[in-house]
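# Commentary on secondary and tertiary structure
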Amino acid sequence: MDDAAATNDNTGEEVPRDDGVNMEIDGNLGLADGAEDDDDESFKSEDIPSDDDSTGDDEELEYDSDDDVEMKPRGYTLNVTEATLGEESKALLIWREDDQSFSDWKIKVVAGAEDDDNENATVYSVHRSVLALGPKKSGYFEALFIESSSDCMTTVKLSEEVAAHFPHFLDYMYSQPVESKATVNFATWKSMAYLANHFLVPRLTEDVLDFIRKDMYDLDHMEAYLSEFNGARDDVSNLILHKAAGVCSEMIQSIIQVDSSLLKLIPPAMFLCIISNLGESTSREAQPDEDRNHICDLVIGYIEQVEDKPYFVSLSCMMYQYFFVLADVDTAGQRALTFLSLMKRKGWSAVWLTIAGTHYLRKYLYSQESAANLMNRVVEEVPNDIVANLLRESLLWRRTAGVQHGTEFLRFNITLINYYCDERLRLDDVELPKAASTEAISALKCRLLRACVGYVHMFSRAMHLTHNGVRMDDEEPISAYPISQEDNLIEVEWRVYS
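First, a word on scope: everything that follows refers to the structure included in this document.

Conventions and cut-offs
Residues numbered from 1 in each chain as written. Predicted model: local features only at pLDDT ≥ 70, side-chain atom pairs only at ≥ 80, totals over all residues. Heavy atoms only, no water. Helix = DSSP H or I, 4+ residues; strand = E, 2+ residues; numbered from the N terminus. Buried < 20%, exposed > 50% of the residue type's maximum accessible area, 1.4 Å probe, protein only. Contact = heavy atoms within 4.5 Å. Areas by Shrake-Rupley, 256 points an atom, 1.4 Å probe, with all protein chains shown as cover. Polar contact = N/O pair within 3.5 Å; in protein donor to acceptor, adjacent residues only side chain to side chain. Core = buried A, V, L, I, M, F, W, Y, C linked by side-chain atoms within 4.5 Å. Salt bridge = Lys/Arg side-chain N within 4 Å of Asp/Glu carboxyl O. Pairing = 2+ DSSP bridges. Axes fitted to C-alpha atoms, helices over the stretch in contact; angles between N-to-C directions. Phe/Tyr/Trp six-rings, centres within 6.5 Å; stacked < 30°, edge-to-face > 60°. Expected span 1.5 Å × (residues − 1). Arc of directions from axis to C-beta.

### So, the overall build of the chain
When you go through the chain residue by residue, the secondary structure sums to 18 helices and ten strands. Counting only residues that meet the buried cut, the chain has 49% of its 498 residues in that class. The long-range share in the chain, meaning contacts at least 24 apart out of those at least 6 apart in sequence, stands at 74%. For the chain, the exposed area adds up to about 24100 Å²; of that, 46% sits on carbon and sulfur atoms.

Below, the structure written as structure tokens:
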């Protein structure tokens, strides 16, 4: 938005220019006496964080919320009654009556850029008592009128867009407090925010914020808000982005296309918060597979555009933690194949993703009929070490089955624990051919590691095997534990670095 400047025609003093839409508000300011609050969820000045809470980078913005997210059905719209000015408010718009309204001040609004010599001016006849008193008073005009002399005119230079909406600003100031927010809409909010900041009208700032909060549920409008406030570092912008994360979490099913412009506007830290909100929602397990699959598609589409490995790893972990474990074998396997393909294309490695992805891909491949196109896709798209591990395991099973028909298997349920954030992921029915009873538990752990990640790593010390509630000693042989074909389940707790 173009800069604007104002001068008092009495003193010639220039008011400092503002850059862009800046809706700063005093953190200690409440609603003025006599103001009515008819919406408990409206923005209040106390909602705005203090300067101590402001941040410098998207990664540091506080998008997280303690509120439980309830996903709205696709196509949901917030039922908001459109505000209008009643007849009594319209009767109060006496500034529109020109010289017949006993005006005692004039405002000359010059439209155009600051360096534009072509003056396009409009003079408005106003009333000092309306602008400088009451619940919607302007701090700018209050100070100006106190210092004014006999010459009663102020000149304000505004961009053409803001100048075009100056009549809406006056309507706001003159109308009844309970109806004045009707002047704030999607066409005027940006100019009204600018004028609220320029003329120091905190009540208007609150009404603009309240309008934005409700209007965000129109996702077409959400794009405009993200475009405006992304990258801003003032406290109000941070608050709006925090609210936007919550709304996007609720409206995730209405983001239809994985390549939508809205999805591209969401910063990585915000998107991470959205998926975390959905995963921790109490309504997640009640969502149909179609809705969970749609979220998976959006995450995959988003990761395609992410260039920061930490976000890729975190999003991948969340998907396995919250969504993949609820899907059927085919769906989970196809998702795993897609994620592993992404990992290979981007040249990244992630232990957590490797373990979980290999597990789901293995179960998927074992459930499928042998098909050359599927095998070719796995070989071409999956990281080489994972392909080698799957091949090694397949050959081992074939060799074991060929040498000793009816070989018994040990069946594992593995609980993976993310070392950094203590998140847990359950991998069920991981099978290994049962080795000789003299094999030590430590050797069994190494074979299990090879089955999961393809090689023995330092993680073996963070892996604990438990049978019937008893922790198995690494130095003991398998024969020390009564593991039978009917009761061969071994629980594994494994702390894994992301």
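Picking up after the structure, the text goes on.
### Description of the side chain of Ser-180
Mapped onto the fold, Ser-180 is located in the loop between α5 (166-174) and α6 (189-198). Polar side-chain contacts of Ser-180 include one of 3.2 Å to the backbone oxygen of Pro-177. Sequence-distant contacts of Ser-180, defined by excluding residues within four places in its chain, comprise Leu-85, Lys-136, Tyr-172, Ser-175 and Asp-207.

### Quick word on the nonpolar core
Within the largest apolar cluster, 133 residues are counted, with the highest numbers of intra-cluster contacts made by Phe-166, Phe-169, Ile-275 and Phe-412. With residues near it in sequence (within four places) discarded, Ile-275 still touches Ile-295, Val-299, Leu-315, Met-318, Met-319, Tyr-322 and Phe-323.

### Digging into the pattern of salt bridges
Here the idea is simple: oppositely charged side chains can pair when their charged atoms come close. Following the criterion strictly, the structure yields 15 salt bridges and no others. Note that Glu-381 is salt-bridged to Arg-377, the shortest N-O span being 3.0 Å. Highlighted residues: Glu-381 and Arg-377, both in helix α16 (residues 372-381), separated by four residues, approximately one helical turn. Arg-377 sits in the partly exposed class, given a relative accessible area of 32%. Counted as one network, the salt bridges with shared partners bring together Lys-181, Asp-210, Arg-213 and Lys-214.

### A closer look at the pairing of strand β8 (residues 463-467)
Here β8 shows a clear split, with Met-463, Leu-465 and His-467 buried on one side and none of His-464 and Thr-466 buried on the other. Across two bridges, the pairing between β8 and strand β9 (residues 470-471) is antiparallel. Its bridge partner lying in β9, Thr-466 is registered against Arg-471. With antiparallel pairing between neighbouring strands as the criterion, β8 and β9 make up a hairpin whose turn holds two residues, including Asn-468 at a positive phi of roughly 55°.

### Some points on the packing of helix α14 (residues 329-346) against α16
Direction vectors running N to C along α14 and α16 enclose 35°, while the axes themselves pass 9 Å from each other. Residues Leu-337, Thr-338, Leu-340, Ser-341 and Lys-344 of α14 lie in contact with α16, whose contacting residues are Leu-374, Arg-377, Val-378, Val-379, Glu-380 and Glu-381.

### Looking at the packing of aromatic side chains
Within this structure, the stated rule accounts for 16 aromatic pairs. Between the aromatic rings of Phe-141 and Phe-199, the centroid separation amounts to 5.0 Å while the plane-to-plane angle is 15°, which identifies the pairing as stacked. Linking Phe-141 in helix α3 (residues 139-146) with Phe-199 in the loop between α6 and α7 (202-215), this pair joins segments that are 58 residues apart in sequence. By relative accessible area, Phe-141 is classed as buried at 0%.

### Structural notes on α14
A rise of 1.5 Å per residue sets the reference length of α14, with its 18 residues, at 26 Å; its end C-alpha atoms lie 26 Å apart and thus fit the reference within 8%. Among all positions of α14, only Thr-331, Ala-332, Gly-333, Arg-335, Ala-336, Leu-337, Phe-339, Leu-340, Ser-341, Leu-342 and Met-343 are buried. Just past α14, the residue Gly-347 takes up positive phi, approximately 75°.

### Some remarks on unusual backbone geometry
Glycine aside, negative phi is the norm for most residues, and most peptide bonds take the trans geometry. Phi at Leu-200 is positive, roughly 55°, even though this residue is not glycine. Within the secondary structure layout, Leu-200 lies in the loop between α6 and α7.

### So, the environment of Ile-212
Examined against the element boundaries, Ile-212 turns out to sit in helix α7. Distance in space between the C-alpha atoms of Ile-212 and Asn-185 is 8.7 Å, their sequence separation being 27 residues.

### Some thoughts on the environment of Arg-96
Within the secondary structure layout, Arg-96 lies in the loop between α1 (87-91) and β3 (105-111). With relative accessibility at 46%, the residue Arg-96 sits in the partly exposed group. Separated by 74 residues in sequence, Arg-96 and Leu-170 place their C-alpha atoms 9.2 Å apart. If near-sequence neighbours (up to four positions away) are discounted, Arg-96 is found in contact with Pro-167 and Asp-171.

### Comments concerning helix α8 (residues 219-229)
Each turn of an α-helix holds 3.6 residues, which means side chains three or four residues apart point in the same direction. Residues Leu-219, His-221, Met-222, Tyr-225, Leu-226 and Phe-229 constitute the buried set of α8. Angularly, the buried residues of α8 cover 145° about the axis, an arc narrow enough to put them on a single face. The opening residue of α8, the one whose side-chain oxygen lies 3.1 Å from the backbone nitrogen of Asp-220, is Asp-218. Where α8 terminates, the next one or two residues include Gly-231, which has phi positive at roughly 90°.

### Remarks on the environment of Ala-132
Position of Ala-132 among the secondary structure elements: in helix α2 (residues 128-132). The sequence separation of Ala-132 and Leu-144 amounts to twelve residues, and the corresponding C-alpha distance is 9.1 Å. Not counting residues within four places of it along the chain, the set of residues in contact with Ala-132 comprises Lys-137, Ser-138, Phe-141, Glu-142 and Phe-145.

### Let's talk about the pairing of β3
The side chains of a regular strand alternate between both faces of the sheet. Counting buried positions over the seven residues of β3 gives five, a clear majority of the element. Relative to strand β5 (residues 153-158), β3 is paired through six bridges, and the arrangement is parallel. The residue bridging Ile-107 from the neighbouring strand is Thr-154, located in β5.

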